[in-house]
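Take a look at the letters that make up each chain.
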Amino acid sequence: MKIDEAREVRTTCPYCGVGCGVLAKVAANGEVTVRGDPDHPANFGRLCSKGSALAETIDLDGRLLYPEIHGRRTDWDEALDLVASTFSRTIAEHGRDAVAFYVSGQLLTEDYYVANKLMKGFIGSANIDTNSRLCMASSVAGHRRAFGSDTVPGSYEDLELADLIVLVGSNLAWCHPVLYQRIAAAREKRPDMKVVLVDPRRTMTADIADMHLAIAPDGDVALFTGLLAYLGQHNALDRTYITAHTTGFGQALFAASALDLAGIAAATGLGEDELVRFYSLFAATANTVTVYSQGVNQSSSGTDKVNAIINCHLATGRIGKPGAGPFSVTGQPNAMGGREVGGLANMLAAHMEIENPEHRDRVQRFWSAPAVAEKPGLKAVEMFQAVADGRIKALWIMATNPVDSMPDADAVEAAIKACPFVVVSDVLAKTDTVRHAHVRLPAAAWGEKDGSVTNSERRISRQRAFLATPGEARADWWIVAEVAKRMGFDEAFSHPSPAEIFAEHAALSAFENDGARDFDIGAYAGVDAETYEELAPFQWPAPSQGTPLWPAGQAGRPEGGVQAGHSSASTRFFANGNFYTPDGKARFIPIRPVPQTRTNEKFPLVLNTGRVRDHWHTMTRTGKSQRLSQHLAEPFAEIHPADAQHFGIGDADIVRVSTEHGEVLLRALVTARQRPGSVFVPMHWTDQFSARARVDALVAPITDPISGQPASKNVAARVERFAAVAFGFAVLAERPASIDADYWSLARCAAGWRLEIALEADRDWPGFAASLFGADAPGETLAYHDVAGGHYRFARFAGSRLTGALYLAPRPVAVSRGWAVEQLSADHADRRGRLAIVAGRPGGNSVDRGAIVCSCFGVGANQIAEAVRGGCVSVEAIGASLHAGTNCGSCRAEIRTIIEARRLHAAE
């Protein structure tokens, strides 16, 4: 498409499943700015810290811009011919199941659709799975068991209409901040609204919670089966709804009664009084929404957890009504779109079932495909095991980084390295996965891509290009289609643009759909390029004229209705029953809690993995932003003080976290927010940003038996102090070519990089400093050595510019990181100022902001504390004074913590 730099383009954020609308503007000088779209119904103008910093992530630094074969630059024809011929030859010699695609929720729906069509319809194998398997597969399986379809019943507005919101395994404040802010704003308007947080950790989401249930890992099944039993015992059931619209209630209630209250308390690690308070609150509150995310899904009992939650909503008739329902929030921007096109190995396009011969026949006829896959393919963990044992001989990875994100990640890396033929389509030239590809294909990035995505409330939005595609990068759908053509499938993959792909996708959703399938966007089957370009966000279903909006036989429209193309419309499923099962009734699933204890004498702690506030997945995008690297700049292990004391670990020590599968080195963060007996480690850090912090290398390849989703939240582990003799901190104008340290973590900062290090043995410290600064770089080096005390400091200057400073000590270095980073941008012509850098402390009128709390406005902890001392004693007052907390709001809980700490200090 032609890029018009004179206009502001409506597009969609490429991060989490909230699906926020973004307005991107390109100025005449090429500068890009972004802001929230006030008219988008997902966010109404709000953006989180990551979304607000999108313009900082679109540079071409590190981009893969040209096709490569074995590291050699080539042209598209040679690269595509090699991919097509190798896949064709592999199929001819070893069968269609000897090839596989591993795709991503980062793809647009049109990309996903073409890849799924090629693999399942024309290659004829279902060996296409997605990294959405790692985050939402248990929700899909639970929905299908209960509803007969993968249907999310509710809408975001239900979060604002509810009287009780139960957040289960969801750190909404950090992982879905815009939804968190919608809830917080609704609660300010209706103070009687209650929020319960169910999470082993006291996350920042607890800031708005009336009750925090610090549940034992994988205790959720017991919690919600116990709730179902409580509802039955206390006459809190909607028996009319149960009788009219469900089956299997008796068996589910009987199974739920297996544990008494004491047994539930033992299984959940909660007190009986806590359980009764929660159960009675749920029983008494008709408008209840239960929001759940990775803490539920990433479990070997994830599907049972989902169904245990759904059982409670079915039993009370709290589904599909304003302010009521179970609500799965997705982790990726287009996990839902991937589910719609059959991106998972056990699904067909348009929510059809691969096991159903009528569905297979329908899809085959629609596509005019030679043969649609007849059985489910290999799910993600199985797929890489098949790569390892040689069953899969040609693998194409698109827009994802499995060497970092898959469980047992070292084994996954070894499998990819040993695979005879690996193709990777990606944006960056260097990731932990791309480095092992035989063929590297440059893909278009956000801002260059054109297509659609679906968010957690089933709302489809356009992601539009506002930047020219650099180098020879191409859209993922184009790359896949060109390979398909070279494999002999020209006619079926002749789409000239994503508009035609979307129209075909919409037509398939309506094809022979008499209302027996939930996913129907047939209203867009005839969309042309002009209409597609102007497409407004809409929530499905959006059926074609004459097709019922609701399942066959349902008496009325879902509450709120829907009008295709109208962004204000809101649709809910199932208030009047008529589910997508053969008898139209929802199925209660009998569930008995099964102990999930994995710890032992050798590995006595439970490892829980997850996200931080300002980073995303494996940092291929957020790692480019210095603003997003200020809040938490290095990988860490969150440990309870009692566990830290037991294992001899001090705050800011380097610790070794290990399991049966591997070990990592991390900074210790000792905090009472962590549950005793557990350790939390974020999943973002890779070999590109740290020495040894790929935490998914520690996760066992244990999966849910129904969904195939890995259990990333309950891993037996141990923690021990890493015996470092020296700790270091450095700021550098250029990224060092290599870092010779046992532990290191590198992050972008203003005008350069910041580096944390730890070493097991002493080094030639002047030589070490020179290697970081660039041994051949001209300039003056100032140094301070305290050999007896083990303190060394170095500062390198080129003219009046600081090019590097290094601080070494026998304990974690106490230099203010924020102040040191700012020196890279300052002028240092004054000799006294240079000596202050060597001394490692602000001099004269220098201001030390302290650790950054508010990434949006760069406000530090010291500034907030000073404002509190000056009389700002509320989060709102801090916002008025410093702006902190007034944009995305993700830091408001931390601001409140600083205020409370100052109050306690003043009271002492």
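Residues numbered from 1 in each chain as written. Predicted model: local features only at pLDDT ≥ 70, side-chain atom pairs only at ≥ 80, totals over all residues. Heavy atoms only, no water.

*Asks:* Before we go on, may I ask you to explain the confidence of the model for the chain in this structure?
*Replies:* Detailed conclusions should not be drawn from predicted coordinates in areas where pLDDT is low. For the chain, per-residue confidence averages 93 on the pLDDT scale, and 95% of positions sit at 70 or higher. Taken as a whole, residues 546-569 scores under 50 in pLDDT and shows 60 contacts with residues more than four places along the chain or in a different chain. (pLDDT = per-residue confidence, 0-100. Contact = heavy atoms within 4.5 Å.)

*Asks:* What should I look at first to understand the layout of surface pockets in this one?
*Replies:* Picture a little ball the size of a water molecule; that probe, rolled over the atoms, points out where space is still empty. In this structure, the largest pocket occupies an estimated 1500 Å³ of space. Looking at the largest pocket, it is lined by 50 residues, and the ones nearest its centre are His-631, Leu-632, Leu-669, Ala-851 and Ile-852. Those elements giving two or more residues to the lining of the largest pocket turn out to be strand E22 (636-639), strand E24 (662-670), strand E27 (726-732), strand E28 (743-749), strand E29 (752-759), helix H25 (817-822), strand E33 (852-854) and helix H29 (892-907). Here the residues of the lining of the largest pocket sort into 22 nonpolar, 13 polar and 15 charged. (1 Å grid on protein atoms, 1.4 Å probe; cavity = no way out; pocket = protein on both sides within 12 Å on 5 of 7 lines; lining within 4 Å. Points joined across faces, edges and corners; volume = space filled by probe spheres on them. Helix = DSSP H or I, 4+ residues; strand = E, 2+ residues; numbered from the N terminus. Nonpolar A, V, L, I, M, F, W, Y, C, P; charged D, E, K, R; others polar.)

*Asks:* Explain the pattern of salt bridges to me, please; I cannot follow it from the model alone.
*Replies:* Side chains that differ in sign of charge can pair as their charged atoms come close. Inspection of the entire model under this criterion finds 62 salt bridges. A salt bridge links Arg-572 to Asp-158; its shortest N-O distance comes to 2.6 Å. Here Asp-158 lies in helix H5 (residues 157-161) and Arg-572 lies in the loop between strand E19 (538-539) and strand E20 (586-587), a separation of 414 residues in the sequence. Of the two residues, Arg-572 and Asp-158, both sit in the buried class. Overlapping salt bridges bring together Asp-404, Asp-410, Glu-413, Asp-432, Arg-435, Asp-687 and Arg-694 as one network. (Salt bridge = Lys/Arg side-chain N within 4 Å of Asp/Glu carboxyl O. Buried < 20%, exposed > 50% of the residue type's maximum accessible area, 1.4 Å probe, protein only.)

*Asks:* Honestly, the nonpolar core in this entry has me stumped. Any pointers?
*Replies:* The tendency in soluble globular proteins is for nonpolar side chains to be buried as a group. Residues Phe-87, Phe-101, Phe-224, Phe-278 and Trp-396 are the most contacted members of the largest nonpolar core, which totals 115 residues. For Phe-278, the contacting residues outside a window of four places in its chain are Val-166, Val-196, Met-211, Leu-213, Leu-223, Phe-224 and Leu-227. (Core = buried A, V, L, I, M, F, W, Y, C linked by side-chain atoms within 4.5 Å.)

*Asks:* Any chance you could explain the pairing of strand E3 (residues 32-36) here in plain terms?
*Replies:* Sheet faces and side chains relate simply in a regular strand, where the side chains alternate between the two faces. Burial along E3 is one-sided: Val-32, Val-34 and Gly-36 are buried, and none of Thr-33 and Arg-35, which face the opposite way, are. Between strand E2 (residues 21-26) and E3, which pair antiparallel in sequence order, lie five residues; one of them, Gly-30, sits at a positive phi of approximately 90°. (Pairing = 2+ DSSP bridges.)

*Asks:* Would you take a moment to explain the state of the cysteines for this structure?
*Replies:* As used in these notes, a disulfide is a covalent bond between sulfur atoms, one from each of two cysteines. Taken as a whole and judged by the stated rule, the model has zero disulfides. In this structure Cys-135 is not part of a disulfide, and its nearest cysteine sulfur, from Cys-16, lies 11 Å away. Residue Cys-135 is classed as buried on the basis of its relative accessible area, which comes to 5%. Here Cys-891 is not disulfide-linked; the sulfur of Cys-854 is the nearest cysteine sulfur, at 4.0 Å. Relative accessible area serves as the criterion here: at 3%, Cys-891 is assigned to the buried category. (Disulfide = S-S within 2.5 Å.)

*Asks:* Looking at this model, I keep getting lost on the sheet that holds strand E10 (residues 211-213). Mind explaining?
*Replies:* Consider a sheet: its strands pair through backbone hydrogen bonds, and that pairing is either parallel or antiparallel. Judged by pairing direction, the sheet is parallel, and its five strands sit side by side in the order E10-E9-E8-E12-E13 without closing on themselves. Only two strands of the sheet have a single partner each, and these edge strands are E10 and strand E13 (325-328). Between one strand and the next, the sheet's axes are offset by a mean angle of 15°, whatever the strand orientation. The pairing of strand E8 (residues 164-168) with strand E12 (residues 288-292) spans five bridges and is classified as parallel. Across the sheet, the residue bridging to Leu-164 is Thr-288, located in E12. Running at roughly 120° to E10, helix H12 (residues 272-284) makes contact with E8, strand E9 (194-198), E10 and E12 of the sheet. (Axes fitted to C-alpha atoms, helices over the stretch in contact; angles between N-to-C directions.)

*Asks:* Teacher, can you tell me more about the sheet that holds E27 here?
*Replies:* Ordered in space as E28-E29-E27-E32-E31-E30, the six strands form an open sheet in which the pairing is antiparallel. Strands with a single pairing partner mark the edges of an open sheet, and in this sheet they are E28 and strand E30 (780-786). For this sheet, the mean inter-axis angle between neighbouring strands, taken without regard to orientation, is 10°. Bridge count for E27 against strand E32 (residues 801-809) is six bridges, and the pairing is antiparallel. Note that in E32 the partner of Gly-728 across the bridge is Leu-808.

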